[in-house]
Every structure is written in structure tokens, then in C-alpha cells.
Amino acid sequence: GIVIRDVIKIVTPGTLTDGNMLNDEVNNYLGAIYCKENGFAISFADISTGEVRLFVDESELSETSVIDELSRFSPKEILYNEKTRTLKSVMEFIREKLRCSEKILSEKDFDITLNKDVLLGQFNASSLEDLGLTQDIGTSSLCGLFSYISDTQKAVIGRFTKIDIRSDNAFMGLDLTARRNLELIETMRNKEKRGSLLWVLDHTKTSMGKRLLRSYI
């Protein structure tokens, strides 16, 4: 008889879950940037581990701040809105430094009203308040991120439980240049772990421990 065929999953650099294709010492992040005239938000998700992180700055749209956040997580794939594409330095950093996959999404993908249920479904939550979210640009970024995850994975992942939310004034920041000079996770000359602070401190025994220590640093 006729066999029904359908796409059951789309594999992209930021949505890999196969352990044989991943480096178990680092997270495989998918990121989503949502920029407006007066601020921006960036969210990251690692489908393989269920980690979700969100950074929000509603005080100004700073290209330097966007680049600093991207450099902290080094996503393998980036999603962004039309406004982000006008930020020349950010786009150069994505293409020349991160060299990751990129995709522009429509404003509908970031629309909270249209995608709230998709976001809540991935966390098995009943409201935005349950996730510590409000109707702001941070939630818009997450809606774009999880609408894309839903479109590619064709299913509820089942690993996402909470969102690590950080605002622009939560911690003292170290910009990209400072982190490079301090050689926190890689050396300046060879871009290797050996010789960095992470290399000195890393006596962890498991992949989970290695990723956790790296995130702390």
C-alpha cells in the first residue's frame, strides 16, 4: 500500500543532539537575537542538555554589548530579526569570528501573542509568570528561539525546565577584549584550552562537570 512520508525532524548546527556529533566538553548553543531601537535581548538554548539562558538590556542598543554576549556563549547557530541585520559590527562578528550558521526570522516568529503557547509548551508551563517572564523583548527573543526549535524538531523536547535570566546590571561585566587578555578559556596565541585558566582549574571527571565549570568561568 501507499506509505505516508513526512519530515519528522530537521537537523541544523544549533539543534544537534547526537552525542557522536557533539563535543561533550562544551555546550552546543542555538541563539536568538531580538533588537529594537532602544534595547536588545539574546537567548540561548542547548537542546542536548535542556539549558536555556536569557540576557536582556532595555536601556540601549549597543553593538558592543551584543558582541560581548555572543562571545560568551559562542553559539553554533544564530537567529535574528531584521533590525539586527542593520548592526554592521554584529554581523561582521557573526560571520568572521563565530563563523556559525545564521538565519533571519520574520517579526511574526518573535511575536509573543502568536508564539507564547509554543514557548510555554516546551516548558510545560501554564503562564509566562511561571517562567519569570513578562511581555518584553526578552520574551520576544525566546519566542523566536522556540518557534524555530518547534519548526525543526517537530515535537516537544521535554528537557527544558527553567530559564537562567540575566539583566544588564546584574553583574560586573568583562568585555570580549578583557576575557581574551585574561585567557580564561583559551590562549590568545593558539586559541587552545591548554595554558588557559580553564585548563588549570579543570580536574572534572564528567562531561557535565566540564560544561558547568566552563559556564562558571
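The preceding data block contains the structure.
Residues numbered from 1 in each chain as written. Predicted model: local features only at pLDDT ≥ 70, side-chain atom pairs only at ≥ 80, totals over all residues. Heavy atoms only, no water.

## Examining unusual backbone geometry
Of note, S74 is a non-glycine position whose phi angle comes to about 45°, a positive value. Topologically, S74 is positioned in the loop between α1 (63–73) and β4 (77–80). S74 sits in the partly exposed class, given a relative accessible area of 33%. For E183, which is not glycine, the phi torsion reads 50° and is therefore positive. Here E183 shows up in the loop between α7 (176–182) and α8 (197–201). (Helix = DSSP H or I, 4+ residues; strand = E, 2+ residues; numbered from the N terminus. Buried < 20%, exposed > 50% of the residue type's maximum accessible area, 1.4 Å probe, protein only.)

## Things to note about the pattern of salt bridges
The tally for this structure, following the rule as stated, stands at 10 salt bridges. The shortest N-O distance in the salt bridge between E82 and R85 comes to 2.9 Å. Highlighted residues: E82 and R85, both in helix α2 (residues 82–85), separated by 3 residues, approximately one helical turn. Residue E82 is classed as partly exposed on the basis of its relative accessible area of 40%. A relative accessible area of 42% places R85 in the partly exposed class. One salt bridge in this structure joins K210 and D202, with 3.6 Å as the shortest N-O distance. (Salt bridge = Lys/Arg side-chain N within 4 Å of Asp/Glu carboxyl O.)

## Things to note about helix α9 (residues 207–216)
All buried positions along α9 are accounted for by G209, K210, R211 and L213. The inward-facing, buried residues of α9 abut β3 (51–57) and α8. (Contact = heavy atoms within 4.5 Å.)

## Some points on the side chain of S43
Mapped onto the elements of the fold, S43 is located in strand β2 (residues 39–46). Residue classification places S43 among the buried positions, given a relative accessible area of 0%. A polar contact of 2.8 Å, which involves the side chain of S43, links it to the side chain of S141. When neighbours within four sequence positions are excluded, S43 is seen to be in contact with L30, G31, A32, R53, L54, S141, L142 and L145. (Polar contact = N/O pair within 3.5 Å; in protein donor to acceptor, adjacent residues only side chain to side chain.)

## Some words on the nonpolar core
Nonpolar side chains tend to gather and get buried jointly when the protein is soluble and globular. Membership of the largest hydrophobic core comes to 30 residues, with the highest contact counts inside it found for F123, L142, L145, F146, I149 and F160. Counting only elements with at least two residues in this core, the list comes to β1 (30–36), β2, β3, α5 (112–123) and α6 (137–153). In terms of residues, this core owes the most to one element, α6, which gives 7 residues. When sequence neighbours within four positions are dropped, the list of residues in contact with F146 reads V52, V118, L119, Q122, F123 and F160. (Core = buried A, V, L, I, M, F, W, Y, C linked by side-chain atoms within 4.5 Å.)

## Comments concerning the environment of V90
Relative to the elements of secondary structure, V90 occurs in helix α3 (residues 88–98). In this structure, the C-alpha to C-alpha distance between V90 and L198, residues 108 residues apart in sequence, is 27 Å. Look past the residues within four positions of V90 in its chain and what remains in contact with it is E63, V66, I67, L70 and T84.

## A word on the packing of α5 against α6
Between α5 and α6, whose axes approach to 8 Å, the crossing angle comes to 70°. Overall, the two elements α5 and α6 adopt an arrangement that is roughly perpendicular. Seen along the crossing, α5 lies across α6 with a hand that is left-handed. Of α6, the residues touching α5 (which contributes I112, N115, K116, V118, L119, Q122 and F123) are T139, S140, L142, C143, F146, S147, I149 and S150. Counted by class, the contact of α5 with α6 contains 8 nonpolar, 6 polar and 1 charged residues. (Axes fitted to C-alpha atoms, helices over the stretch in contact; angles between N-to-C directions. Parallel < 35°, antiparallel > 145°, perpendicular 65-115°, else oblique. Left-handed = near helix turned anticlockwise from the far one by under 90°. Nonpolar A, V, L, I, M, F, W, Y, C, P; charged D, E, K, R; others polar.)

Read these as geometric descriptors, not functional statements.
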